[in-house]
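# Close look at the chain arrangement
Chain by chain, the residues run as shown.
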Amino acid sequence: MPSAGLRPLLRHFAVSAIALRHRVLPPTGVPHDEPRVHVLLCHGVEPEEERQFERFLDWLALQYQIVSYSDAVDRLLQNQVDAPYLAITFDDGLASCLTASKVLQRRGLSGCFFVCPEMIEGQPPSHLRDSPDGPMPAYLDWKGIDTLHDRGQEVGSHTMSHPNLAGLGREQLLHELGRSRDIITQRYGDCEHFAWPFGRFADFSQEAARAVFELGYRSCASGVRGCLQPTTDLDPPAVCIYRDNVEMRWPMSHARYFIERSARQPIAADATWPGDWRDALELPMPRSW
Ligand SMILES: [Zn+2]
């Protein structure tokens, strides 16, 4: 087992090798114009990464219509995906979201920033403080989140305190999902979108997924890689938004590799939840908890 310090390095070289092979031997049949909704999961753009982010957006714009997250969700839910659409999201409310929002605003684009009210008002939890990748990053306060909103960006909930939601009881779910939605709604007028921390299905539960929609969120986002294809018999709100994680500190070939890989295998929007979760999500939702 490689040490914690060595692991990111090994991962870097492995993805570089795969991405290089991918460029030297381009796969056939990349569906550049096939209708789909692709959502990216980022964390921030450091000031020195601004040029990289600009180039990345230029590359994305060659093959996608870049739309707001609300637009992407609406198109998926209303079966109005007639072209390749892409939306950009940022998790955790890092201070480096300010650079991202500045670039997006300059281009007339809107991203969605998923934030945790308890982290905005206090300390991030220890699992975000003790990063193996280096010193603790800076997080935005409410003034910083106001700036994102003033720049035309959307604000969504990423829970109150960034816990692992798997195994949490109803009261705790109500606090993490419901209270965060109330606080963000009071501040910005709405909070329609939710993204769960850590992003894997193992970090979530059927109960939590159902609670998201019962509480009135319009969308629920994971960190599972992939892009989505509309289906004619989609029964809202049973959609899990998949997102491809890309970071501007990575070589651009890595981000391109992950995006192109997902684009080749779009997933039907009505098959995004684990099979045994779907029944619970398709039951009629109560008006409120
Ligand atoms: Zn997070």
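Our subject is the structure listed above.
Residues numbered from 1 in each chain as written. Predicted model: local features only at pLDDT ≥ 70, side-chain atom pairs only at ≥ 80, totals over all residues.

Secondary structure assignment for the protein chain yields eleven helices and eleven strands. Split into buried and exposed, the 289 residues of the protein chain put 38% on the buried side. Nonlocal contacts in the protein chain, meaning residues at least 24 apart in sequence, comprise 76% of its contacts between residues at least 6 apart. (Helix = DSSP H or I, 4+ residues; strand = E, 2+ residues; numbered from the N terminus. Buried ≥ 20, exposed ≤ 12 C-beta atoms within 10 Å, placed from the backbone. Contact = placed C-beta atoms within 7 Å.)

This next bit is on the pairing of strand E1 (residues 36–42). The buried fraction of E1 is high, at seven of seven residues. Side chains of E1 alternate between two faces, with Arg36, His38, Leu40 and Cys42 and Val37, Val39 and Leu41 buried alike. In this sheet, strand E3 (residues 84–91) lies alongside E1 in parallel orientation, the contact comprising seven bridges. Bridge pairing in E3 places Cys42 opposite Phe90. With two bridges connecting them, E1 and strand E10 (residues 244–245) associate as parallel partners. Each residue of the ladder has a partner; that of Leu41, found in E10, is Asn245. (Pairing = 2+ DSSP bridges.)

What follows is about the packing of helix H2 (residues 50–63) against helix H4 (residues 97–106). Packing of H2 against H4 leaves a shortest axis separation of 10 Å and a crossing angle of 45°. By the angle between their axes, H2 is oblique relative to H4. Helix-helix and strand crossings are classified by hand; for H2 and H4 the assignment is right-handed. Side by side, H2 and H4 meet where Glu50, Phe53 and Glu54 of the first sit next to Thr99, Ala100 and Val103 of the second. Taken together, the residues of the contact of H2 with H4 sort by class into three nonpolar, one polar and two charged. (Axes fitted to C-alpha atoms, helices over the stretch in contact; angles between N-to-C directions. Parallel < 35°, antiparallel > 145°, perpendicular 65-115°, else oblique. Left-handed = near helix turned anticlockwise from the far one by under 90°. Nonpolar A, V, L, I, M, F, W, Y, C, P; charged D, E, K, R; others polar.)

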